[in-house]
Amino acid sequence: MRWISAPLLAIEGLTMRFGGLVAVDNLDFTVGRGDITALIGPNGAGKTTVFNCVTGFYRCCGGRMALARTGCAAKDDVRALTHTGRRSASMASGEIFLLERMADFEIAKYAGVARTFQNIRLFQGMTLIENLIIAQHNSLIGAGLSFSGLTGFGGYRAREKAALESARYWLDRIGLLDRADDPAGALPYGAQRRVEIARAMCAQPVLLCLDEPAAGLNPHESHELNALLLSLRDEHETSILLIEHDMSVVMEISDHVVVLDYGVKIADGRADEIRHDPNVIKAYLGVDDAAEIGAPKGDRISA
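### Considering the overall build of the protein
Thinking step 1. Across its full length, the protein carries 13 helices and 11 strands.
Thinking step 2. When the 303 residues of the protein are sorted by exposure, 51% land in the buried category.
Thinking step 3. The contacts in the protein between residues at least 6 apart in sequence include a share of 66% that link residues at least 24 apart.

Take a look at the structure:
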């Protein structure tokens, strides 16, 4: 259980309020390095709010979010870094960032966190290759503003070539290289979902946050998504934190599942443990039912 032995992300006491509404209440959980961790729960449970805190779109009201870009987020080192008042440091256990002290662009650029959203946010009028090159802007902007960038020589040209190669690699990886010059808006919905994930991977994240990646997909597309996410974990060693309502996806690919209800964690463990947990069943179905979450006769629980 790598979320215990080698946590990439350690969240402690995370709290987020909107006026008098407590959206996330003193939440603790970890994401293991090399794991696919699913964050699930009924609508309004606080899942997307957690994502928005982790990625810096919201400034949390309280708590700590420590991410180890290298190594692991060991408790003693995280506490020591917290007391220094700094945002990041190379500690004995790894290079640790305190995300609650960082802006969203810093979390993406320095801590290595990338995300997708519930609603597709591709540049619809731009080509697929252009969408993926834009994701690598951090490496291009600095070089582009230099003399070599302005003249088209030196480091900028090498980085531009590397960005193009990375974009072509990921389009090939999702089976869309032959449509590299097509506008993103011309693709079917399921293909646009894959392009979003490929664009996020162009940023070379250590943690990929996916907000309902299977939403709107048919069973065949969901199967393709499962294969893609497993390959990102196994072949590219990318840790994944995902929000998902499709229990067939969650139960098939997740190493670790965390369940929220009204902003409070009600279960935390392996997928096979979660599907039998009475508190989880009650939260989803509203009754103390003996049915199983993710069972074949109800493989999609829309909550």
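### Looking at the sheet that holds strand 11 (residues 264-269)
Thinking step 1. On the basis of which strands lie adjacent, the open sheet formed by 6 strands has the order 7-8-9-3-10-11 and mixed pairing. The sheet terminates laterally at strand 7 (113-115) and strand 11, the two strands that pair on one side only. Strand-to-strand twist across the sheet, computed as the mean angle between neighbouring axes with direction ignored, equals 15 degrees.
Thinking step 2. The pairing of strand 8 (residues 207-211) with strand 9 (residues 239-243) spans 5 bridges and is parallel. Pairing of L207 across the sheet is with S239, part of strand 9.

### A few points about the side chain of T238
Thinking step 1. Assignment of secondary structure puts T238 in the loop between helix 10 (219-236) and strand 9.
Thinking step 2. Its relative accessible area of 2% is what places T238 among the buried residues.
Thinking step 3. T238 has contacts with M201, P205, V206, L208, L232 and R233, leaving out every residue within four places of it along the chain.

### Digging into the pairing of strand 1 (residues 7-18)
Thinking step 1. In terms of burial, strand 1 is a largely internal element, 9 of the 12 residues being buried.
Thinking step 2. As paired strands, strand 1 and strand 2 (residues 21-32) are joined by 8 bridges and run antiparallel to one another. Bridge pairing in strand 2 links A10 to T30.
Thinking step 3. Here strand 1 hands over to strand 2 after 2 residues, with G19 in that stretch at a positive phi of 65 degrees.

### Side note on the nonpolar core
Thinking step 1. Judged by nonpolar contacts, the single largest core of 46 residues is most densely connected at I40, L208, L229 and L232.
Thinking step 2. With 6 residues, helix 9 (residues 189-201) is the largest single contributor of residues to this core.

### A few points about the packing of aromatic side chains
Thinking step 1. Applying the stated rule across the entire model yields 3 aromatic pairs.
Thinking step 2. Summarising the aromatic geometry, the rings of F18 and Y58 are spaced 5.4 Å apart at their centres and angled 75 degrees between planes, so their arrangement reads as edge-to-face. A residue pair is termed long-range when its members are at least 10 positions apart, and F18 in strand 1 and Y58 in the loop between helix 2 (47-54) and strand 4 (62-68) qualify at 40 residues.
Thinking step 3. A residue is classified by how much of its surface remains accessible, and F18, at 37% relative accessible area, is partly exposed.
Thinking step 4. Taking the centre distance of 5.1 Å and the plane angle of 85 degrees together, the rings of Y169 and W170 count as edge-to-face.
Thinking step 5. W170 gets classed as buried once you look at its relative accessible area, which sits at 5%.
Thinking step 6. Sitting over the ring of F57, R115 keeps its end group 5.1 Å from the ring centre.

### Describing the sheet that holds strand 1
One key point about sheets: their strands pair by backbone hydrogen bonds, in either a parallel or an antiparallel sense.
Thinking step 1. Strand order in the open sheet formed by 5 strands is 2-1-4-6-5, with antiparallel pairing between adjacent strands. If you trace the sheet from one side to the other, it starts and ends with strand 2 and strand 5 (88-91), each paired once. On average, each strand axis in the sheet is tilted by 20 degrees relative to the strand beside it, whichever way the strands run.
Thinking step 2. Taken together, the 3 bridges between strand 4 and strand 6 (residues 94-98) define a ladder with antiparallel strand orientation. Paired with A66 across the two strands is L98, which belongs to strand 6.
Thinking step 3. Relative to strand 1, helix 2 is tilted by about 115 degrees, and along the sheet it contacts strand 1, strand 2 and strand 4.

### As for the side chain of S231
Thinking step 1. Tracing the sequence through the fold places S231 in helix 10.
Thinking step 2. If we ignore the near neighbours within four places in the chain, the residues touching S231 are R173 and H236.

### Brief notes about the packing of helix 8 (residues 155-173) against helix 10
Thinking step 1. Running from N to C, helix 8 and helix 10 point in directions that differ by 130 degrees, and their axes come no closer than 12 Å. Comparing their axes, helix 10 and helix 8 come out oblique. Where helix 8 approaches helix 10, its residues Y169, W170 and R173 are matched on the opposing element by L228, S231, L232, E235 and H236.

Rules behind the numbers
- Residues numbered from 1 in each chain as written.
- Predicted model: local features only at pLDDT ≥ 70, side-chain atom pairs only at ≥ 80, totals over all residues.
- Heavy atoms only, no water.
- Helix = DSSP H or I, 4+ residues; strand = E, 2+ residues; numbered from the N terminus.
- Buried < 20%, exposed > 50% of the residue type's maximum accessible area, 1.4 Å probe, protein only.
- Contact = heavy atoms within 4.5 Å.
- Pairing = 2+ DSSP bridges.
- Axes fitted to C-alpha atoms, helices over the stretch in contact; angles between N-to-C directions.
- Core = buried A, V, L, I, M, F, W, Y, C linked by side-chain atoms within 4.5 Å.
- Phe/Tyr/Trp six-rings, centres within 6.5 Å; stacked < 30°, edge-to-face > 60°.
- Lys NZ or Arg CZ within 6 Å of the ring centre and 35° of its normal.
- Parallel < 35°, antiparallel > 145°, perpendicular 65-115°, else oblique.

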